[in-house]
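Reading the structure
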Amino acid sequence: DKQHLLVRIYDQEIPVTTSGDAEFVKKTAEFVNQQMKMIAKTAQIKDSAKVAIVTCMNIAAELKRLQQQTSADEENLAQRTSAISRSIDQLLELD
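Right, let's walk through the structure included here.

Procedures and definitions
- Residues numbered from 1 in each chain as written.
- Predicted model: local features only at pLDDT ≥ 70, side-chain atom pairs only at ≥ 80, totals over all residues.
- Heavy atoms only, no water.
- Helix = DSSP H or I, 4+ residues; strand = E, 2+ residues; numbered from the N terminus.
- Rg over C-alpha atoms; globule rule 2.2 N^0.38 Å.
- Buried < 20%, exposed > 50% of the residue type's maximum accessible area, 1.4 Å probe, protein only.
- Contact = heavy atoms within 4.5 Å.
- Pairing = 2+ DSSP bridges.
- Axes fitted to C-alpha atoms, helices over the stretch in contact; angles between N-to-C directions.
- Parallel < 35°, antiparallel > 145°, perpendicular 65-115°, else oblique.
- Left-handed = near helix turned anticlockwise from the far one by under 90°.
- Expected span 1.5 Å × (residues − 1).
- Arc of directions from axis to C-beta.
- Polar contact = N/O pair within 3.5 Å; in protein donor to acceptor, adjacent residues only side chain to side chain.

1. Structural notes on the overall build of the chain
If you tally the helices and strands in the chain, you get two helices and two strands. Taken over the C-alpha trace, the chain has a radius of gyration of 22 Å; the compact-globule value for 95 residues is 12 Å, which it surpasses by more than 25%. When the backbone C-alpha atoms are referred to their principal axes, the chain occupies close to 70 × 40 × 15 Å. Split into buried and exposed, the 95 residues of the chain put 17% on the buried side. Here the contacts in the chain between residues at least 6 apart in sequence split such that 21% fall between residues at least 24 apart.

Below, the structure written as structure tokens:
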């Protein structure tokens, strides 16, 4: 079931079709809009295409950072789980 939405990003209305959560799409568009406006203001970039590219790069960098952190967290969790499992096995061998 597809939904057709109209989101506003950087003073442009953009039609979006989604089969997912429409509210999520709207919130994502709001986030992108806020990021673009912040970058345009702080970097003093006038060209909207350049603002979009810098915004995309910033969001992608944050995504990559979070992916790396998640990977490190998953590795840490696997090591801790393995250590706990070994400890349980040792305790069971004592019985």
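What follows picks up the thread again.
2. Examining the pairing of strand 2 (residues 12-18)
Judged from the seven bridges that link them, strand 1 (residues 3-9) and strand 2 form a sheet pairing that is antiparallel. Along strand 2, the bridge assignment pairs Arg 8 with Glu 13. The hairpin formed by strand 1 and strand 2 contains two residues between the paired strands, and Tyr 10 there has a positive phi angle of roughly 50 degrees.

3. Quick word on the packing of helix 1 (residues 22-43) against helix 2 (residues 48-94)
Closest axis-to-axis distance for the helix 1/helix 2 pair is 9 Å, and the angle between their directions is 115 degrees. Between helix 1 and helix 2, the angle is such that the two are roughly perpendicular. Where helix 1 crosses over helix 2, the handedness of that crossing is right-handed. On helix 2, the residues that touch Phe 31, Val 32, Gln 35, Met 36, Ile 39 and Ala 40 of helix 1 are Ser 48, Val 51, Ala 52, Val 54, Thr 55, Asn 58 and Ile 59.

4. Describing helix 1
Relative to the 32 Å expected for 22 residues at 1.5 Å per residue, helix 1 spans 31 Å between its end C-alpha atoms, a close match to the ideal helical length. Burial in helix 1 covers these residues: Ala 22, Val 25, Ala 29, Asn 33, Gln 35, Met 36, Ile 39 and Ala 40. Burial along helix 1 is one-sided: seen end-on, the buried residues are contained in an arc of 165 degrees. Away from its buried face by more than 90 degrees, helix 1 exposes Phe 24, Lys 27, Gln 34, Lys 41 and Thr 42. Along its buried surface, helix 1 packs onto strand 1, strand 2 and helix 2. Its side-chain oxygen placed 3.1 Å from the backbone nitrogen of Glu 23, Asp 21 serves as the N-cap of helix 1. One or two steps after helix 1, the chain reaches Gln 44, where phi turns positive at roughly 55 degrees.

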